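# Close look at the chain arrangement
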There are 2 protein chains.
Amino acid sequence: MKNALGVEIPEYIDGLGELQPYQGVWNSVLKGDVASQTVPTVLKAQKAHVSKMCDSLEDAIKKSQPFDGMTVSCHHHLRGGDGVLMQAIAILDKMGIKDITLASSSLTSAHDGLVPYIESGMITRIFSSGIRGRLGEIISMGKLKHPAVIHSHGGRVRDIMSGRIKPDLALLAASAADEEGNATGAHGPSAFGSMGYADIDARYAKTVVVVTDNLVEYPCVPPSVRQHFVDYVVTVDSIGDASKIASGTTRITSSPMDLRIARIAATVIEHSGLFKNGMSFQVGAGGASLAVAKFLREDMKRKNIQGSFMIGGVTSYGVDMLEEGLFKAIFDVQSFDAAVSTSVLNNPQHIEITCDQYANPNNCGAMTNKLDVVVLGALEVDVDFNVNVITGSSGEIRGASGGHSDTASGANLSVVVCPSFRGRLPIIMDRVHTVVTPGESVDVIVTERGVCVNPSKPNLAAALKKAGVNVVDIRDLKKEVDSMTGIPAEKKLGDKIVALVEYRDGTIIDVIKNVTNLE
Amino acid sequence: MKNALGVEIPEYIDGLGELQPYQGVWNSVLKGDVASQTVPTVLKAQKAHVSKMCDSLEDAIKKSQPFDGMTVSCHHHLRGGDGVLMQAIAILDKMGIKDITLASSSLTSAHDGLVPYIESGMITRIFSSGIRGRLGEIISMGKLKHPAVIHSHGGRVRDIMSGRIKPDLALLAASAADEEGNATGAHGPSAFGSMGYADIDARYAKTVVVVTDNLVEYPCVPPSVRQHFVDYVVTVDSIGDASKIASGTTRITSSPMDLRIARIAATVIEHSGLFKNGMSFQVGAGGASLAVAKFLREDMKRKNIQGSFMIGGVTSYGVDMLEEGLFKAIFDVQSFDAAVSTSVLNNPQHIEITCDQYANPNNCGAMTNKLDVVVLGALEVDVDFNVNVITGSSGEIRGASGGHSDTASGANLSVVVCPSFRGRLPIIMDRVHTVVTPGESVDVIVTERGVCVNPSKPNLAAALKKAGVNVVDIRDLKKEVDSMTGIPAEKKLGDKIVALVEYRDGTIIDVIKNVTNLE
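Description of the structure in this document.

Definitions and limits used
- Residues numbered from 1 in each chain as written.
- Chains lettered and ligands numbered in written order.
- Predicted model: local features only at pLDDT ≥ 70, side-chain atom pairs only at ≥ 80, totals over all residues.
- Heavy atoms only, no water.
- Contact = heavy atoms within 4.5 Å.
- Buried area = accessible area lost by both parts, 1.4 Å probe.
- Salt bridge = Lys/Arg side-chain N within 4 Å of Asp/Glu carboxyl O.
- Polar contact = N/O pair within 3.5 Å; in protein donor to acceptor, adjacent residues only side chain to side chain.
- Helix = DSSP H or I, 4+ residues; strand = E, 2+ residues; numbered from the N terminus.
- Buried < 20%, exposed > 50% of the residue type's maximum accessible area, 1.4 Å probe, protein only.
- 1 Å grid on protein atoms, 1.4 Å probe; cavity = no way out; pocket = protein on both sides within 12 Å on 5 of 7 lines; lining within 4 Å.
- Points joined across faces, edges and corners; volume = space filled by probe spheres on them.
- Nonpolar A, V, L, I, M, F, W, Y, C, P; charged D, E, K, R; others polar.

At the interface, 62 residues of chain B touch 62 residues of chain A. Approximately 4,900 Å² of surface area, both sides summed, lies buried where chain B meets chain A, with 58% of it carried by carbon and sulfur atoms. On the chain B side of the interface with chain A, the three residues burying the most area are Leu43(B), His228(B) and Cys364(B), jointly 15% of the side's total. On the surface where chain B and chain A come into contact, there are 6 salt bridges. Between chain B and chain A we count 32 residue pairs in polar contact (both at pLDDT 80 or more) in total.

As structure tokens, then:
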């Protein structure tokens with residue numbers, strides 16, 4: 001069967017079950033086609049005064065009664081410094097547990113160590129927002145038994161609530177926790193800020209284990225994850241490498257190209273009709289993306305604009321803007337540095353939110369649906385405004401879906417910033433190698449050579465032209481770039497589906513085939 | 001069929017379905033007999049940027065598409081000052097909606113106006129923790145079509161999660177809210193403190209309406225109820241009578257009898273083996289009950305004891321003890337006066353909790369299961385330590401189940417304080433008229449004439465005797481009191497079941513028959 005973007009989608013995949021084709025940004029979710037209701041949560045009656053403390057991570061995992069075919073879930077708030085997941089997989093492997101489904105909210109450079117467990121068949125399924133590095137390479141080569149499923153952050157919540165992902169064991173790393181499992185990432189030696197991705201695992205997993213290297217006196221405040229969802233608590237020597245968890249103040253890029261693109265994007269926002277008091281805003285932490293915040297900050301001060309809220313992956317740059325009064329609040333599902341943790345802990349206007357509240361397409365008040373402006377990056381874009389943030393120039397998996405499609409669908413203005421070429425490779429394609437975010441939800445693509453406005457927004461194009469922005473037709477821009485770079489050779493791909501890209505509503509928006517030139 | 005207390009329980013009741021008999025404090029809940037899983041929550045996908053604001057309460061109710069046989073739920077945080085429920089019922093009645101199930105977390109003196117709607121058959125079922133005043137009288141006379149169901153606070157959460165109560169429309173009064181439905185009771189002219197009972201309605205009701213008289217700029221902080229559960233928001237002139245919502249600083253009783261009982265109870269606690277650093281404590285707001293806190297406070301200071309946490313209905317007296325450092329934290333599911341609202345808002349150690357966290361028997365970390373000491377009141381007790389807090393001396397419904405059975409089941413020491421007689425009526429019976437809390441979960445009954453210890457706790461009895469406490473056999477005490485008061489005449493009762501008393505696990509612990517001498 002073909003989906004709304006013309007991609008051939010298998011009706012059924014062994015080990016994953018039936019698939020549904022992508023039908024457009026809002027069609028499936030509003031019809032309730034994909035999931036009309038949630039699965040029940042697990043009841044866990046306990047007698048009074050039973051201790052949850054375990055002697056070791058191994059003890060905690062044993063108590064969860066692990067079995068072949070189980071699903072293990074975790075969050076990725078520790079980012080590149082995560083030291084919990086690899087410990088747990090090694091323990092499960094030592095116990096002889098096989099055929100594991102791994103359902104992390106994302107996977108990072110800290111998880112290259114998963115490679116041998118995939119090659120041995122111990123891990124056979126992966127659900128994740130992101131897959132990178134060597135892990136992405138071997139999955140791209142087809143070494144994971146069943147295709148990996150790439151979901152958005154909001155899509156993961158829906159996946160769990162609808163029963164697509166059924167966590168048997170959730171391992172929730174916390175930088176502070178108490179004996180009952182009240183847990184937070186807002187303080188402690190390994191502080192990582194918001195614990196927003198962990199909430200859905202805590203509510204739906206059969207067994208929930210809080211893992212901490214900082215057991216504090218009861219009660220742990222703030223209780224980002226609450227005790228009545230937690231079965232066991234265990235202390236470990238370290239939940240990770242603090243230097244890679246809290247990477248320090250996020251700096252604005254010094255790349256002239258990124259700064260130029262960011263300046264243009266800020267001008268686009270200024271003349272979009274949305275640049276006024278009460279504006280809400282999300283920006284990523286990447287180069288040109290975060291740099292837009294720098295220019296927007298200057299523009300807001302100059303024009304005396306006060307925004308409503310910022311959301312998303314929160315940087316200390318965003319915290320500065322909150323403290324300057326440029327925004328009234330930050331809603332924080334994921335924090336990016338140590339300064340942010342302090343703000344989560346101490347500033348009542350810095351509101352920790354669950355990923356359900358951030359971006360779940362199936363509730364009636366996700367933050368992404370209230371968003372005015374989002375600025376997003378891209379690995380590739382195409383003439384239909386589709387965006388690829390997951391596969392690289394060889395077709396290999398090397399990125400993350402994240403909140404890209406969630407925010408693009410909800411924001412009044414979704415701006416993609418990218419250079420028109422990287423190295424000698426053009427960024428604008430006839431069709432991106434992999435669609436993560438459909439063009440229907442992308443309004444503007446900003447490059448250093450011109451600004452492309454989605455033809456569905458003629459009024460926006462007119463307003464930008466009137467303001468002197470260099471608005472160009474995306475097909476013309478593509479030709480211009482191609483004439484400089486040449487058209488790159490076709491990617492070398494096989495016929496095997498190695499990953500599915502799930503749209504936020506649970507339908508399949510694209511498939512990723514194996515690459516043959518990596519070995 | 002007979003339950004574990006020998007009460008004849010019908011297997012089926014028209015309009016309510018099958019019943020299960022009470023089997024003991026822990027038996028049913030740990031076996032998962034009553035509800036082995038939860039019902040799914042409702043998915044509510046919405047397009048982006050849709051306004052939730054309604055023109056009027058009538059408009060909001062219309063948007064919920066009300067129908068005959070629907071269930072309307074609400075919380076009782078506004079206590080005797082509630083002005084929302086009666087407005088809503090009048091609107092539904094004007095629309096001609098019939099056969100309504102009313103599922104309030106409790107009902108108070110503010111709800112006497114429900115009487116004509118029950119008599120007219122517009123309201124046919126009631127689930128509530130408490131029923132009082134004229135409302136209790138007419139239900140006791142059998143004027144509600146189907147028996148009322150009295151649940152505990154924790155039991156209500158289980159009732160909703162297991163689908164026993166299925167709210168179609170939840171009306172959630174808030175003293176401050178924003179346009180997206182983020183809502184709180186912690187500030188505003190009608191501040192009422194914690195909004196703990198509302199969470200479960202927000203998560204499970206088909207349509208959730210936040211009703212406020214204080215619409216604040218987005219975002220409302222703290223977001224006690226969060227926007228992604230809220231369908232509609234409406235402002236009304238007033239959510240209630242602020243003078244009855246926030247009744248001012250709770251005063252300690254000046255009754256010499258209550259003070260005497262309280263002093264004895266504090267001595268019992270002091271010598272229970274639990275009076276030490278890290279002790280946790282709940283006390284009610286009633287006369288002798290709150291007075292125990294006064295003596296405990298003095299004892300803690302004298303012996304330099306620092307407790308861990310207080311829970312429950314929170315009074316400003318409890319807040320004083322938190323601020324003095326006598327306890328490290330308060331977990332607040334329900335607040336009793338204005339001073340408490342300020343503390344909820346400003347003190348991070350004053351933690352607002354949901355009723356799920358407070359007392360749900362089906363999760364793995366309810367606060368009641370971590371409680372050391374609870375002090376509870378009683379309308380009647382019996383020689384088997386069963387406690388009645390729901391029916392009065394004529395057998396009429398006039399009280400509330402509240403957290404009585406929840407805390408008694410979880411606490412290491414449950415202390416019931418009551419005078420040995422009231423007026424000319426003895427309080428200790430051979431069998432209480434209605435069992436709300438089973439004797440199995442009651443450890444000590446403290447009266448002014450002596451302290452009765454449950455025979456299941458011989459070590460406690462020995463420790464108290466050693467400390468000089470006047471420990472007496474409850475049957476001896478009953479005889480002594482009966483000899484003074486005489487044995488009162490039998491209550492005049494009919495054969496019709498007018499209410500069911502649900503134990504916290506969902507089984508039926510007792511039935512209430514109609515009274516014939518009230519009219």
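Moving on: the pattern of salt bridges. This structure, assessed with the given rule, holds 64 salt bridges over all chains. Residues Lys44(A) and Asp231(A) are paired through a salt bridge, measuring 2.6 Å at the closest nitrogen-oxygen approach. Taken together, the residues span a long stretch of sequence, with Lys44(A) in the loop between α1 (27-31) and α2 (57-63) and Asp231(A) in the loop between β10 (207-212) and β11 (232-235) at a distance of 187 residues. Taking the relative accessible area as the measure of exposure, Asp231(A) reaches 15% and is therefore buried. For Lys491(B), the salt bridge identified is with Glu380(B), shortest N-O distance 3.5 Å.

Here the focus is the environment of Ala408(A). Residue and element names in this part refer to chain A. In this structure, Ala-408 sits in helix α14 (residues 404-410). For Ala-408, a relative accessible area of 3% translates into the label buried. Remark: the alpha-carbon pair of Ala-408 and Arg-156, spanning 252 residues in sequence, is separated by 16 Å.

The next subject is unusual backbone geometry. Omega for the peptide link from Val221(A) to Pro222(A) comes to -5°, which places this bond in the cis form. Following the sequence through the fold, Pro222(A) ends up in the loop between β10 and β11. Positive phi is not limited to glycine here, since Asn304(A) has a value of about 60°. Looking at the element boundaries, Asn304(A) is found in the loop between α10 (287-303) and β13 (307-314). At Arg79(B), a residue that is not glycine, the phi angle is positive and equals roughly 50°.

In this section: empty space enclosed by the protein. Applying the stated criterion across every chain, the model contains 4 cavities of 30 Å³ or more. Taken as a whole, the largest cavity encloses approximately 80 Å³ of empty space. The wall of the largest cavity is formed by Val283(B), Leu290(B), Ala293(B), Met310(B), Ile311(B), Gly313(B), Val314(B), Thr315(B), Tyr317(B), Gly318(B), Met321(B) and Ile330(B). When contributions to the lining of the largest cavity are tallied by element, the ones reaching two or more residues are α10 (287-303), β13 (307-314) and α11 (316-323) of chain B. Classifying every residue of the lining of the largest cavity by side-chain character gives 9 nonpolar, 3 polar and no charged. Of the pockets and cavities examined, the second largest cavity occupies roughly 70 Å³. As for the second largest cavity, its lining consists of Val283(A), Gly284(A), Met310(A), Ile311(A), Gly313(A), Val314(A), Thr315(A), Gly318(A) and Ile330(A). With 4 residues, the single largest contributor to the lining of the second largest cavity is β13(A). Partitioning the lining of the second largest cavity into residue classes produces 5 nonpolar, 4 polar and no charged.

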